[in-house]
Amino acid sequence: MVQIEVLHQRSSAAIAQLELSEHATVRDAKVAFAKIKPKFYSERQGMKGEPGGRMLKDETRVADLPGRTLYFKDLGPQIGWSTVFLAEYAGPLLVYLLFYARPGCVYTDSSKPMLPVVHIAAACWTFHYLKRILETIFVHRFSHATMPIGNLFKNCSYYWGAAAFVSYFVNHPLYINPSFGDQQIYLGLALFCICEFGNFSVHILLRNLRPPGSTVRKIPVPDSNPMTLMFNFVSCPNYTYEVGSWFWFSVMTQSLPALIFTLVGFYQMSVWALGKHRNYKREFEKYPKGRKAIIPFFL
């Protein structure tokens with residue numbers, strides 16, 4: 001058996017003593033700690049090998065820890081990733097369609113017929129968020145089961161607010177056709193659809209990398225789907241295609257609010273992509289050196 005002392009990350013005060021088998025992992029330590037401190041269920045616990053270090057993976061053997069010590073951090077109340085994603089994506093769908101399908105509830109004069117591009121934009125928006133909802137249910141495999149519950153309110157505020165911002169202007173009775181007419185509309189629509197298919201293709205490839213019920217991580221490489229060739233150039237092509245979808249949506253609608261939404265999303269996805277890119281390079285010694293994070297050859 002192995003004696004493991006659990007200390008508070010900030011104060012280094014002793015919290016608990018755990019008696020575990022020599023083959024026990026950090027996951028086993030979390031389960032044992034939760035029995036002593038029921039408030040801190042396993043998903044709420046962050047365990048480190050040193051106060052200022054990185055969170056330990058659940059698969060780490062506790063017998064290999066220096067000093068046989070774990071430093072505990074309370075991650076706060078947790079909520080399932082799937083629940084957060086479903087709330088994030090259902091909201092924008094409903095909010096956008098409120099402006100589109102019930103303009104009389106929003107605008108003082110809603111008698112003007114909608115332009116064809118407005119109907120196309122609503123179809124694209126609906127397709128995108130229905131796709132996200134279905135991917136959350138049937139495609140995504142999450143490396144962590146939960147996230148802090150505060151993220152639910154932060155994420156929903158962003159997505160729902162952005163939906164209202166974009167939809168208000170695109171569905172407004174004073175909205176006018178894009179400058180270059182049908183050529184601009186259908187070019188934007190075609191490239192939006194291509195980017196959506198690329199995003200879906202990458203999600204399928206990432207799903208197939210991780211066996212069900214596991215947190216295994218592998219180097220993603222292109223498969224037989226040509227849309228996944230983007231992995232030769234960037235670590236997170238799902239974000240590359242996502243940004244592309246919204247850029248071409250903005251072109252199609254010639255909407256400044258849609259472009260602002262795209263730029264804000266690009267900034268956030270760049271932050272996520274750079275973090276994942278660093279983690280890939282840290283974790284895999286033979287990670288392809290020519291890859292960028294999100295924009296080929298640039299970022």
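Figured I'd write up the structure that's included with this text. (Residues numbered from 1 in each chain as written. Predicted model: local features only at pLDDT ≥ 70, side-chain atom pairs only at ≥ 80, totals over all residues. Heavy atoms only, no water.)

1. Some remarks on the side chain of histidine 128
Put simply, the test is: Every helix listed is a DSSP run of H or I at least four residues long, and every strand listed is a run of E at least two residues long, numbered separately from the N terminus. Relative accessibility thresholds used throughout: buried, under 20% of the residue-type maximum; exposed, over 50%; partly exposed, between the two (1.4 Å probe, protein chains only). Any pair of residues with heavy atoms lying within 4.5 Å of one another is described as a contacting pair.
In this fold, histidine 128 is placed in helix α3 (residues 116–138). By relative accessible area, histidine 128 is classed as buried at 0%. Histidine 128 has contacts with Phe192, Glu196, Glu242 and Trp246, leaving out every residue within four places of it along the chain.

2. Comments concerning the packing of α3 against helix α5 (residues 181–209)
Which entries qualify depends on this criterion: All axes are obtained by fitting lines to C-alpha atoms, using only the stretch in contact for helices, and the reported angles, taken between N-to-C directions, cover 0 to 180 degrees. Oblique is the label for any angle not under 35 degrees, not over 145, and not in the 65 to 115 range, which are roughly parallel, roughly antiparallel and roughly perpendicular in turn. Three residue categories are used. Nonpolar comprises Ala, Val, Leu, Ile, Met, Phe, Trp, Tyr, Cys and Pro, charged comprises Asp, Glu, Lys and Arg, and polar comprises the others, including Gly.
One way to put it is that α3 packs onto α5 with a least axis distance of 12 Å and a crossing angle of 0°. Of the possible angle classes, the one that applies to α3 and α5 is roughly parallel. Packed against α3, whose contacting residues are Val117, Ile120, Cys124, Phe127, His128, Lys131, Glu135 and Phe138, the element α5 presents Ile185, Tyr186, Leu189, Phe192, Glu196, Asn199, Phe200, His203 and Arg207 at the interface. The residue makeup of the contact of α3 with α5, split by class, is 10 nonpolar, 3 polar and 4 charged.

3. A few points about the pairing of strand β4 (residues 69–74)
What counts here: Criterion used throughout: strands pair if DSSP finds at least two bridges between them.
Of the strand pairs in this sheet, strand β1 (residues 2–8) and β4 are connected by 4 bridges, and their pairing is parallel. Bridge assignment links histidine 8 to a residue of β4, and that residue is phenylalanine 72. One ladder, built from 4 bridges, connects strand β3 (residues 45–48) with β4; its direction is antiparallel. When the bridges of β4 are listed, glutamine 45 appears paired with aspartate 74.

4. Overview of the sheet that holds β4
Read across the sheet, 4 strands follow the order β2-β1-β4-β3 without closing on themselves; strand pairing throughout is mixed. Each end of this open sheet is capped by a strand with a single partner; those strands are β2 (14–20) and β3. Here the strands of the sheet are splayed against their neighbours by 30° on average, with no regard to which way each runs. Helix-sheet contacts for helix α1 (residues 26–36) involve β1, β2, β3 and β4, and the interaxial angle to β2 is about 120°.

5. What about a nonpolar patch on the surface?
This is how it is decided: Nonpolar side chains (Val, Leu, Ile, Met, Phe, Trp, Tyr) are joined into patches within 5 Å and like charges within 9 Å, using only residues with over 30% relative accessible area and no salt bridge. In this description, accessible areas are obtained by the Shrake-Rupley approach with a 1.4 Å probe, and a residue is regarded as covered only by the protein chains that are shown. Counted as salt bridges are all cases of a side-chain nitrogen of Lys or Arg within 4 Å of a carboxyl oxygen of Asp or Glu.
A cluster of nonpolar residues, Tyr158, Phe165, Tyr168, Phe169, Phe247, Leu256, Leu259, Ile260, Leu263 and Val264, forms a patch on the protein surface that exposes about 850 Å² of accessible area. Elements supplying a minimum of two residues to the nonpolar patch: α4 (150–170) and α7 (256–283). Among the elements that line the nonpolar patch, the one with the most residues is α7, at 5 residues. Counting through the fold element by element, leucine 263 comes out in helix α7.

6. Some details on α7
Threshold: To estimate how far a helix should extend, the number of its residues minus one is multiplied by 1.5 Å. For the purposes of these results, a polar contact is taken to be a pair of N or O atoms within 3.5 Å, where, inside protein, one atom must be able to donate a hydrogen and its partner to accept one; residues adjacent in sequence count only when each atom of the pair is a side-chain atom.
Helix length check: α7, at 28 residues, gives a terminal C-alpha distance of 40 Å against a target of 40 Å (1.5 Å per residue), a fit within 8%. Buried within α7 we find Pro257, Ala258, Phe261, Thr262, Gly265, Met269, Ser270, Ala273, Gly275, His277 and Tyr280. On its buried side, α7 packs onto α3, α4 and α6 (237–253). Capping the start of α7 is the job of one residue whose side-chain oxygen sits 3.2 Å from the backbone nitrogen of alanine 258: serine 255.

7. Remarks on the packing of α3 against α4
Selection criterion: Throughout, a crossing is termed right-handed when the near helix is turned clockwise from the far one, and left-handed when it is turned anticlockwise from it by less than a right angle.
Close contact between α3 and α4 brings their axes to 11 Å; oriented N to C, the two are set at 165°. Viewed along their axes, α3 and α4 adopt a mutual orientation that is roughly antiparallel. As α3 packs across α4, the resulting crossing turns out to be left-handed. On the side of α3, the interface is formed by Val118, Ala121, Trp125, Tyr129 and Arg132, while α4 contributes Tyr159, Ala163, Val166 and Val170. Residue classes in the contact of α3 with α4 are distributed as 8 nonpolar, no polar and 1 charged.

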